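Architecture at a glance
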Amino acid sequence: MAPSRSGSIRLFRLAGVDVFLHWSWFLVAWYFLSGSSQAMLPLNIAVYVSLFLIVLIHEFGHVLASRQVGGESREILLWPFGGIAFVKTPPRPGAELWAIAAGPLVNVVLYPILYWVIQLGDAQGWWRENPEIGFYFVQVFAINQRLLLFNLLPIFPLDGGQMLRALLWFKLGRAQSLRIATTVGLIGIPVVLAGAVYWGWIRVRSWQDLIFPGSMAALLAYECYRSYKHAHALKQLAALPRHTSVACPTCHEQPPGGPLWACGSCGNRFDPFSTRSVCPHCNTLQPNIPCVHCGSSHPIERWDVSPPRRPGDPPVIEM
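Just so it is clear, the structure is predicted and the values come from calculations on it, not from any experiment.

What follows concerns unusual backbone geometry. The linkage connecting Phe-156 with the following residue, Pro-157, adopts the cis geometry, with an omega of 10°. If you trace the backbone, Pro-157 turns up in the loop between α5 (131-151) and α6 (159-172). Backbone geometry places Arg-276, a non-glycine residue, at a positive phi of 60°. Along the chain, the position of Arg-276 falls in the loop between β6 (269-270) and β7 (289-290).

Written out as C-alpha cells, the structure reads:
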C-alpha cells in the first residue's frame, strides 16, 4: 500500500506545495549504499540523491499540470519506490490525461539535456580529467531514462497505465476505462516480475537483487487490484437513480439517490438531497455535502438548482 504522510519528514515548501520524505527512504538508502567502497561512497550518495531530485521534478510536473486544468495539490511525498503527488484533478478525461502525461514529459525534457552534457564533456575532455563527474552524469542519464521507460509501462497505477485509462475514458466512460486499464495492469505485473527474476537470479545469481523489484511488483499488484474494485464501485454508482434537479458545483455531476452519505453526528446513512441536508435520525444539519464523483464538498444551497422547497414538503427524488 502506498504510504501516507504519517511517519514522514517535511523538507520544504515550494510553490505552495509541502514536500515530505518518508522515513523508509533512509532505510532503503542504507541498503543500497552499504556495499559502496569508501572511495565511491560520496559519488554513490550524490547519484542516489539525484535520483530523488529527478523524481521530485517529475512529481512537480503532475502538480503544475493539474493546477493548469483547475485541479489542486498541496503535498508531495518521496519514498523508496519513487514519489507521490497528492493531486485532485477535475474528473474529466482530458484533464486527467494532461495531469498524468506532464510527469513523464519532464523526463523527456531532461533526456536531451543530460545527453548533451555527457557528449559535450566527452568532446571537451572534461571526463578524462574528472572521471568521477563523468560517471555521475552517465548514471543520472541512465536513471532518468529508466524512470521514463518504467513509468510509461501500461500498468496501473503507473503513469502509462493512468494515461491508458484516460484515453479509454473518452470513449468508454469513467468506470469501464478504469476496469480495462487495471485488467491490463494485473496481466502486465507478472511480466515485470518475471523480468526481475531474470535479472536478479539468472544474470546476477543473487536473490537479494529481487527484494526491491519484487516489493515493487507486489505494491503495484495491490494498488491495481484496489483500483479494479473501485472501477466496480463506479459501475454500480453509475447505475443508481439520480437527483436531476441538483448538480455538483465543481464537476457538474448529478448526485445519486439513496442513503450513501453518513451523518457527521450520529454516523447513520441518509440521502441529504431528500431531506435538505438534515439527518432524519438525529435532526442535525450537515454543513457540507461531499460529491461522490469528485470529492469536493459544498453546502446544500450551492447544490440546489431547483426552486426552494417549503418546510413540511415531503422528500422527493426526481428521476
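Back to the write-up after that little detour.
Glancing now at the pattern of salt bridges. A complete count under the given rule lists four salt bridges for this structure. Between Arg-10 and Asp-18 there is a salt bridge; the shortest N-O distance is 2.9 Å. What makes Arg-10 partly exposed here is its relative accessible area of 47%. Residue classification places Asp-18 among the buried positions, given a relative accessible area of 14%. Arg-13 is the partner of Asp-18 in a salt bridge, and the nearest nitrogen-oxygen pair spans 3.0 Å. Each of Arg-10, Arg-13 and Asp-18 takes part in salt bridges that share partners, so that together they form one network.

Let us look at the nonpolar core. In this structure, Trp-25, Tyr-48, Leu-56, Phe-60, Ile-76 and Leu-78 are the most contacted members of the largest nonpolar core, which totals 16 residues. Looking at this core, the elements with two or more residues in it are β2 (17-22), α1 (24-33), α2 (41-68) and β3 (72-79). The biggest single contributor to this core is α2, with six residues. Non-local contacts of Ile-76, meaning those with residues more than four positions away in its chain, are made with Val-17, Asp-18, Val-19, Phe-20, Leu-56, Glu-59, Phe-60, Val-63, Ile-84 and Ala-85. Among the nonpolar cores identified, the runner-up in size contains 13 residues, and Ile-155, Met-216, Ala-217 and Leu-234 belong to it.

Calculation rules
- Residues numbered from 1 in each chain as written.
- Predicted model: local features only at pLDDT ≥ 70, side-chain atom pairs only at ≥ 80, totals over all residues.
- Heavy atoms only, no water.
- Helix = DSSP H or I, 4+ residues; strand = E, 2+ residues; numbered from the N terminus.
- Salt bridge = Lys/Arg side-chain N within 4 Å of Asp/Glu carboxyl O.
- Buried < 20%, exposed > 50% of the residue type's maximum accessible area, 1.4 Å probe, protein only.
- Core = buried A, V, L, I, M, F, W, Y, C linked by side-chain atoms within 4.5 Å.
- Contact = heavy atoms within 4.5 Å.

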